[in-house]
Amino acid sequence: MKTFLFILVSFMALTATFSGLVMIADPTGEVMNLPVSLLKSTPFKNYLLPGILLTIFVGFVNLAAVITNIKRSYSRYNWALAGGFFMCGWIMAQVILIRSLHWLHFFYFVVGMLVILIAFQLKGKWAA
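Heads up: these notes are all about the structure in this document. Since we're looking at a predicted model, the values are computed, not measured.

Rules of the game
- Residues numbered from 1 in each chain as written.
- Predicted model: local features only at pLDDT ≥ 70, side-chain atom pairs only at ≥ 80, totals over all residues.
- Heavy atoms only, no water.
- Helix = DSSP H or I, 4+ residues; strand = E, 2+ residues; numbered from the N terminus.
- Rg over C-alpha atoms; globule rule 2.2 N^0.38 Å.
- Buried < 20%, exposed > 50% of the residue type's maximum accessible area, 1.4 Å probe, protein only.
- Contact = heavy atoms within 4.5 Å.
- Areas by Shrake-Rupley, 256 points an atom, 1.4 Å probe, with all protein chains shown as cover.
- 1 Å grid on protein atoms, 1.4 Å probe; cavity = no way out; pocket = protein on both sides within 12 Å on 5 of 7 lines; lining within 4 Å.
- Points joined across faces, edges and corners; volume = space filled by probe spheres on them.
- Nonpolar A, V, L, I, M, F, W, Y, C, P; charged D, E, K, R; others polar.
- Phe/Tyr/Trp six-rings, centres within 6.5 Å; stacked < 30°, edge-to-face > 60°.
- Patch = residues over 30% accessible without salt bridge, like charges linked within 9 Å, V, L, I, M, F, W, Y side chains within 5 Å.
- Salt bridge = Lys/Arg side-chain N within 4 Å of Asp/Glu carboxyl O.
- Expected span 1.5 Å × (residues − 1).

### What to know about the overall build of the chain
Stage number 1. Looking only at helices and strands, one finds four helices and zero strands in the chain.
Stage number 2. Secondary structure elements of the chain occur, N-terminal to C-terminal, as α-α-α-α.
Stage number 3. Whereas a compact globule of 128 residues would reach a radius of gyration of roughly 14 Å, the chain reaches 15 Å, a difference of no more than 12%.
Stage number 4. Overall size of the chain, expressed as C-alpha extent along the three principal axes, is 45 × 30 × 20 Å.
Stage number 5. When the 128 residues of the chain are sorted by exposure, 38% land in the buried category.
Stage number 6. Relative to all contacts within the chain whose residues are 6 or more apart in sequence, the contacts with residues 24 or more apart total 69%.
Stage number 7. Roughly 7,600 Å² of accessible area belongs to the chain as shown, and the carbon and sulfur atoms make up 73% of that amount.

What follows is the structure, encoded as structure tokens:
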């Protein structure tokens with residue numbers, strides 16, 4: 001379970017950080033094939049601020065989970081929980097704001113939920 005958790009938080013850290021940095025570098029969304037029209041129902045005019053938020057709150061928090069897992073820190077499961085909660089929160093906010101669903105939303109939400117459940121189990125607290 002510890003290895004699976006490490007793989008999941010590493011995956012989230014890598015993909016969220018990379019995607020966020022690409023959104024920051026290209027706020028038009030062209031590089032990621034994200035039309036700006038997706039943002040019409042949101043307060044954002046381009047992908048700069050969403051990219052910054054994604055990088056910090058999902059990417060860096062999960063990166064902290066990876067680092068604390070490598071160091072076998074006492075707080076590693078807390079960081080994993082935070083990373084999972086931020087991922088699920090990010091996906092829910094995204095779906096609500098853009099008013100659209102894509103299979104990746106389901107995929108990343110499930111990954112975030114798995115991280116939360118596994119981290120709770122490894123902390124010795126069963127999710128009920």
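Read on, since the account is not over.
### Quick notes on the side chain of Thr68
Stage number 1. By the secondary structure assignment, Thr68 is in helix 2 (residues 48–70).
Stage number 2. For Thr68, a relative accessible area of 11% gives the class buried.
Stage number 3. Non-local contacts of Thr68, meaning those with residues more than four positions away in its chain, are made with Ser73, Ser75, Arg76 and Trp79.

### Regarding the layout of surface pockets
Stage number 1. Here the largest pocket defines a volume of roughly 880 Å³.
Stage number 2. The wall of the largest pocket is formed by 30 residues, among which Met23, Leu34, Trp90, Gln94 and His105 lie closest to the centre.
Stage number 3. Only helix 1 (2–25), helix 2, helix 3 (76–98) and helix 4 (103–123) provide two or more residues apiece to the lining of the largest pocket.
Stage number 4. For the lining of the largest pocket, the leading source of residues is helix 3, giving eight residues.
Stage number 5. Across the lining of the largest pocket, the residue classes tally to 23 nonpolar, seven polar and no charged.

### Considering the packing of aromatic side chains
Stage number 1. In this structure the tally under the stated criterion is five aromatic pairs.
Stage number 2. Arranged with centres 5.8 Å apart and planes meeting at 90°, the rings of Phe11 and Phe107 form a pair that is edge-to-face. Of this pair, Phe11 sits in helix 1 while Phe107 sits in helix 4, and the two are 96 residues apart along the sequence.
Stage number 3. The partly exposed category is assigned to Phe107, whose relative accessible area is 36%.
Stage number 4. Look at Phe107 and Tyr108: their rings are 5.3 Å apart centre to centre, the planes differ by 85°, and that puts the pair in the edge-to-face class.

### A short note on unusual backbone geometry
Stage number 1. Phi is positive for Arg72, which is not a glycine, with a value near 55°.
Stage number 2. Phi is positive for Arg99, which is not a glycine, with a value near 55°.
Stage number 3. By secondary structure assignment, the location of Arg99 is in the loop between helix 3 and helix 4.

### Considerations on a nonpolar patch on the surface
Stage number 1. A contiguous nonpolar patch, built from Leu48, Leu49, Ile52, Ile56, Phe57, Phe60, Leu63, Ile67 and Phe86 and spanning about 730 Å² of accessible area, is present on the exposed surface.
Stage number 2. Considering every element that reaches the nonpolar patch, the biggest residue donor is helix 2, with eight residues.

### What about helix 3?
Stage number 1. Given a rise of 1.5 Å per residue, 23 residues ought to cover 33 Å, and the 33 Å separating the end C-alpha atoms of helix 3 matches this to within 8%.
Stage number 2. Within helix 3, burial applies to Arg76, Tyr77, Ala80, Leu81, Gly83, Gly84, Met87, Cys88, Trp90, Ile91 and Ile98.
Stage number 3. Close packing links the buried residues of helix 3 with helix 1, helix 2 and helix 4.

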